[in-house]
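Architecture and fold: a report
In case you want the letters, here they are:
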Number of protein chains: 2
Amino acid sequence: MINWEPERPIWEQVAEIIQRRIEDGTYPPRTPIPSVERLQQEFEVGRNTARHVVKHLADEGFVRPVPSLGTFVLPRADEE
Amino acid sequence: MINWEPERPIWEQVAEIIQRRIEDGTYPPRTPIPSVERLQQEFEVGRNTARHVVKHLADEGFVRPVPSLGTFVLPRADEE
DNA sequence: CTATATTTGTGCGTATGTATG
DNA sequence: ACATACATACGCACAAATATA
């Protein structure tokens, strides 16, 4: 079981964890973050919640989902 | 057309049918159950629903999916 | 040896229904 | 009324391994 903060949406808390992993290099640029299904399993959330996380990270410009392939970490501007 | 009971999920009803066939020997141990595509066709369900059925049966220990080969009926302990 | 078909695995996209706060 | 969360159910495409023609 995961102790989510009750004050904020779970998707937001998951998104922050993934974002942190992107920033600390756990998920390097041009590599895929865990799939929606993996996120579901690791964080014990539903599919829509996991997808919301990915969509948020994509909207924020951290990742780009590629159909049939995965969701890839975008390189920073100075790493382009 | 198939008359599914509206009260329960379709995947559950399909899984029960397959499980019954395993138990009555229609699908003997070490032989494959119908592929996902065959399940789709026979029960007129979508791929994800058919896969859900297989995953459920695998989680319950009735079958083991083998990539590229099929999903095989596991032998019971006393038949091992 | 090559080409095709089969089968599971893995991705994303979409919609609906239900429940909760 | 709305946002959040989950379950169900449909769709598509491609990858990888295997079997077969």
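In what follows, the structure referred to is the one given above.
Read on for an overview of the structure. As the structure is a prediction and not an experimental result, all values here were calculated from the model.

Side note on the pattern of salt bridges
Counted by the stated rule, this structure contains 10 salt bridges over all chains. Among the ionic pairs, Lys55(A) bridges to Asp59(A), the shortest N-O distance being 2.8 Å. With Lys55(A) and Asp59(A) both in helix H3 (residues 47-59) and 4 residues apart, this pair spans about one turn of that helix. There is no split in this pair, since Lys55(A) and Asp59(A) are both exposed. For Glu12(B), the salt bridge is made with Arg8(B), and the minimal N-O distance between the two is 3.4 Å. Counted as one network, the salt bridges with shared partners bring together Glu5(A), Arg8(A), Glu12(A) and Glu16(A).

A few points about the side chain of Gln13(B)
Residue and element names in this part refer to chain B. Considering the arrangement of structural elements, one finds Gln13 in helix H1 (residues 10-23). The exposure class assigned to Gln13 is buried, which follows from its relative accessible area of 7%. Those residues in contact with Gln13, other than ones at most four positions away along the chain, are Trp4, Glu5 and Arg8.

Let's talk about the pairing of strand S3 (residues 70-73) of chain B
All names here are of chain B. Side chains Thr71 and Val73 of S3 all project onto a buried face; the interleaved residues Gly70 and Phe72 project onto a face where none is buried. Bridging between strand S1 (residues 32-33) and S3 involves 2 bridges; their strand directions are antiparallel. Its bridge partner lying in S3, Ile33 is registered against Thr71. Where strand S2 (residues 63-66) meets S3, 4 bridges bridge the pair, whose relative direction is antiparallel. Bridged to Pro65 within S3 is Thr71. With antiparallel pairing between neighbouring strands as the criterion, S2 and S3 make up a hairpin whose turn holds 3 residues, including Ser68 at a positive phi of roughly 75°.

The rules we used
Residues numbered from 1 in each chain as written. Chains lettered and ligands numbered in written order. Predicted model: local features only at pLDDT ≥ 70, side-chain atom pairs only at ≥ 80, totals over all residues. Heavy atoms only, no water. Salt bridge = Lys/Arg side-chain N within 4 Å of Asp/Glu carboxyl O. Helix = DSSP H or I, 4+ residues; strand = E, 2+ residues; numbered from the N terminus. Buried < 20%, exposed > 50% of the residue type's maximum accessible area, 1.4 Å probe, protein only. Contact = heavy atoms within 4.5 Å. Pairing = 2+ DSSP bridges.

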